[in-house]
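An overview of the molecular structure
So you can see what is in the structure, the chains are spelled out below.
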Amino acid sequence: MNNLLKISLFILLLTLVANKGFSQTSLAYYNSSDSKIGLAHHFTEKIWGEARLSLTFEDLNTEFVLCYDALKLKDYNFYVGLGAQIRDESGLIIPIGVQVAPFENFKNLSLHVELLPIFTDYDSMLQSSIGIRYTFGKSKSTKE
């Protein structure tokens, strides 16, 4: 699993360095049995990466994901991704989620629901979370 982790981190770093155009940064909170905060960066209008840190300090969990907005409409988007978690049992993660911006006057604030299949050498599990995300800077308009 260490090689998969190294490849994932390399791809994330390469994407960060290669992009000079569109960019936005956001901060998210994921509420689940393993609550976490995430710092994301949109490299293009559809591709973004996020580093997530567990808020349960007794079992420190760090995740790195690269996501793709598969369906992006006016007030919501559906995304899928691929990433890695780093902990005692490191593994592959596949975030699948929906973000909704329900507040007309606060387009930088969105709510999200995510399913997170986790695959390690010893086990696999499905984690779900709900949360909130704030995007810094001007909100980009999307297709309607």
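Here the structure is a predicted model, which means the values were calculated and not measured. All residue numbers here refer to positions counted from 1 along the written sequence of the relevant chain. Under the rules for a predicted model, residues below a pLDDT of 70 receive no local features and side-chain atom pairs below 80 are neither given nor counted, while totals for whole chains, interfaces and linings still include all residues. As a rule here, side-chain values come from all non-hydrogen atoms in the structure, and water together with hydrogens is ignored.

Comments concerning the overall build of the protein chain
Only DSSP runs of H or I reaching four residues or more are called helices, and only runs of E reaching two or more are called strands; each is numbered from the N terminus. Tallying secondary structure elements over the protein chain gives 1 helix and 9 strands in all. Put simply, the protein chain runs from its N terminus to its C terminus through helices and strands in the order α-β-β-β-β-β-β-β-β-β. With a 1.4 Å probe rolled over the protein chains alone, any residue whose accessible area is under 20% of its type maximum counts as buried; one over 50% counts as exposed, and the rest are partly exposed. Per-residue burial over the protein chain gives 36% buried out of 144 residues. Put simply, 40% of the contacts in the protein chain that link residues at least 6 apart link residues at least 24 apart. Only the protein chains shown count as covering a residue, and every accessible area follows the Shrake-Rupley method with a 1.4 Å probe. Here the protein chain displays about 8400 Å² of accessible surface, and carbon together with sulfur accounts for 64% of that area. We call two residues in contact when some of their heavy atoms are within 4.5 Å.

Comments concerning the nonpolar core
Working definition of a nonpolar core: buried Ala, Val, Leu, Ile, Met, Phe, Trp, Tyr and Cys residues. They are joined through side-chain atoms within 4.5 Å. Ranked by size, the top nonpolar core spans 8 residues in total: Ala40, Trp48, Val65, Cys67, Tyr79, Ile93, Leu116 and Ile118. At the level of elements, strand 4 (62-72) and strand 8 (109-120) are the ones that each hand at least two residues to this core. Beyond its immediate chain neighbours, meaning those up to four positions away, isoleucine 118 contacts Gln85, Leu92, Ile93, Asp123, Ser124, Met125 and Gln127.

Details of the side chain of threonine 135
Relative to the helices and strands, threonine 135 is located in strand 9 (residues 124-135). Residues contacting threonine 135, with those up to four places away along its chain left out, are Gln24, Thr25, Ser26 and Asn108.

Some words on the pattern of salt bridges
Salt bridge, as used here: a side-chain nitrogen of Lys or Arg that lies within 4 Å of a carboxyl oxygen of Asp or Glu. Going through the model one piece at a time under the given rule, you end up with 8 salt bridges. Between arginine 133 and glutamate 50 there is a salt bridge, and its shortest N-O distance comes to 3.3 Å. On the criterion of sequence distance, the pair formed by arginine 133 in strand 9 and glutamate 50 in strand 3 (residues 47-54) is long-range, its members being 83 residues apart. Both residues of the pair, arginine 133 and glutamate 50, count as buried. Through salt bridges with shared partners, a single ionic network connects Lys36, Glu50, Arg52, Glu63, Glu114 and Arg133.

Looking at the confidence of the model for the protein chain
Across the protein chain, the average pLDDT comes to 82, with 77% of residues at or above 70. Values of pLDDT, which run from 0 to 100, indicate the predictor's confidence residue by residue. Mean pLDDT in the protein chain bottoms out at helix 1 (residues 2-18), which sits at 54, and peaks at strand 7 (residues 96-100), which reaches 96. Low pLDDT (under 50) marks residues 140-144, which in the prediction has 10 contacts with non-local residues, meaning those over four places away or in another chain.

Quick word on the environment of glycine 131
Looking at where glycine 131 falls in the secondary structure, it is placed in strand 9. By relative accessible area, glycine 131 is classed as buried at 16%. A sequence separation of 102 residues divides glycine 131 from tyrosine 29, and the C-alpha atoms of the two residues are 5.3 Å apart.

Some points on a negative patch on the surface
Two distance rules govern patches: like charges are joined within 9 Å, and nonpolar side chains (Val, Leu, Ile, Met, Phe, Trp, Tyr) within 5 Å, applied only to residues with over 30% relative accessible area and no salt bridge. Residues scored as charged are limited to Lys and Arg (positive) and Asp and Glu (negative), so that His and the chain ends carry no count. In this description, the location of a charge corresponds to atom NZ of lysine, CZ of arginine, CG of aspartate or CD of glutamate. Taken together, the side chains of Asp88, Glu89, Asp121 and Asp123 present a region of like negative charge at the surface. Looking at the element boundaries, glutamate 89 is found in the loop between strand 5 (76-86) and strand 6 (91-93). Residue glutamate 89 is classed as partly exposed on the basis of its relative accessible area of 36%.

Considerations on a nonpolar patch on the surface
Taken together, the side chains of Ile47, Tyr68, Leu71, Tyr76, Phe78, Val80, Ile96, Val98, Val100, Leu115 and Leu126 make up a nonpolar region of the molecular surface, amounting to roughly 850 Å² of accessible area. Elements represented by at least two residues in the nonpolar patch include exactly strand 4, strand 5 and strand 7. You can see valine 80 is positioned in strand 5.

Focus on the pairing of strand 4
Examined bridge by bridge, strand 3 and strand 4 share 7 bridges and lie antiparallel to one another. Paired with leucine 53 across the two strands is threonine 62, which belongs to strand 4. In this structure, strand 4 lies alongside strand 5, joined through 10 bridges in antiparallel fashion. Pairing of aspartate 69 across the sheet is with tyrosine 79, part of strand 5. When DSSP finds two or more bridges between two strands, those strands count as paired.

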